[in-house]
Amino acid sequence: MLIIDKDSVSATKQKIADPKKIKQAVKDIRKMLEIKEALLWRSEAMAPCCGSLCNVSAQLTREVNMLENTLAALQNGNTAQAADLLQEYIQVLEASCEPSQPNYC
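Notes on the structure follow. Only a predicted model underlies this, so the values are computations on that prediction, with no experimental measurement involved. (Residues numbered from 1 in each chain as written. Predicted model: local features only at pLDDT ≥ 70, side-chain atom pairs only at ≥ 80, totals over all residues. Heavy atoms only, no water.)

For the α-helix, the turn length of 3.6 residues means that residues three or four positions removed from each other point alike. Across its 18 residues, helix 4 (residues 79–96) extends 25 Å between first and last C-alpha, which sits within 8% of the 26 Å expected from 1.5 Å per residue. Among the residues of helix 4, those classed as buried are Ala82, Ala83, Leu85, Leu86, Tyr89, Ile90, Val92 and Leu93. (Helix = DSSP H or I, 4+ residues; strand = E, 2+ residues; numbered from the N terminus. Expected span 1.5 Å × (residues − 1). Buried < 20%, exposed > 50% of the residue type's maximum accessible area, 1.4 Å probe, protein only.)

This part covers the packing of helix 1 (residues 6–16) against helix 4. Packing of helix 1 against helix 4 brings their axes to within 10 Å, and their N-to-C directions diverge by 170 degrees. In terms of orientation, helix 1 lies roughly antiparallel with respect to helix 4. Where helix 1 approaches helix 4, its residues Lys6, Val9, Ser10, Thr12, Lys13 and Ile16 are matched on the opposing element by Thr79, Ala82, Ala83, Leu86, Gln87, Tyr89, Ile90, Leu93 and Glu94. (Axes fitted to C-alpha atoms, helices over the stretch in contact; angles between N-to-C directions. Parallel < 35°, antiparallel > 145°, perpendicular 65-115°, else oblique. Contact = heavy atoms within 4.5 Å.)

In this section: the environment of leucine 67. Locating leucine 67 in the fold gives a position in helix 3 (residues 54–75). Residue leucine 67 is classed as buried on the basis of its relative accessible area, which comes to 0%. Counting along the chain gives 37 residues from leucine 67 to arginine 30, while the straight-line C-alpha distance between them is 8.1 Å. Excluding anything up to four places from it in sequence, leucine 67 contacts Ile29, Met32, Leu33, Lys36 and Tyr89.

With that out of the way, let us pick up the pattern of salt bridges. The full count for this structure, using the stated rule, is four salt bridges. Close ionic contact of glutamate 94 with lysine 6 constitutes a salt bridge, the shortest N to O distance being 3.7 Å. Note that glutamate 94 is positioned in helix 4 and lysine 6 in helix 1, a separation of 88 residues in sequence. Lysine 36 is paired through a salt bridge with glutamate 63; the nearest N and O atoms lie 2.7 Å apart. Within this pair, whereas lysine 36 is found in helix 2 (residues 22–46), its partner glutamate 63 is found in helix 3, the two being separated by 27 residues in sequence. Pair check on accessibility: lysine 36 and glutamate 63 agree, each one buried. (Salt bridge = Lys/Arg side-chain N within 4 Å of Asp/Glu carboxyl O.)

Judged by relative accessible area, which is 3%, lysine 36 ranks as buried. Here glutamate 63 takes part through its side chain, which lies 2.7 Å from a polar atom of the side chain of lysine 36. (Polar contact = N/O pair within 3.5 Å; in protein donor to acceptor, adjacent residues only side chain to side chain.)

Within the sequence span of helix 1, burial applies to Ser8, Val9, Thr12 and Ile16. Taken around the axis of helix 1, the buried residues stretch over an arc of 100 degrees, which confines them to a single face. Structurally, the start of helix 1 carries an N-cap: the backbone nitrogen of aspartate 7 is 3.2 Å from a side-chain oxygen of aspartate 5. (Arc of directions from axis to C-beta.)

Interpretation note: all reported values are geometric properties and have no functional meaning in isolation.
Written out as structure tokens, the structure is:
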């Protein structure tokens with residue numbers, strides 16, 4: 001099971017720096033994307049009965065977009081852009097975490 005936190009995203013970012021590990025980085029990002037898309041789908045499905053999920057949906061949409069852009073950059077061979085996007089994603093995760101659970105988002 002993959003927990004998407006700053007440590008796991010940092011580990012994926014480090015894989016990008018090693019040409020031998022690019023395929024594993026792509027696999028990691030696809031898994032993160034799959035998880036975030038499932039959470040987004042669930043938050044949108046529950047929005048009619050739980051209005052407070054709009055902020056969650058917006059946050060998840062932003063995360064999905066960042067991961068899609070990272071994956072596209074890797075697929076186009078732009079590892080520098082992918083690494084930059086993952087660094088930005090780490091900052092987004094840090095900003096959205098609860099203070100009581102700083103590593104889990």
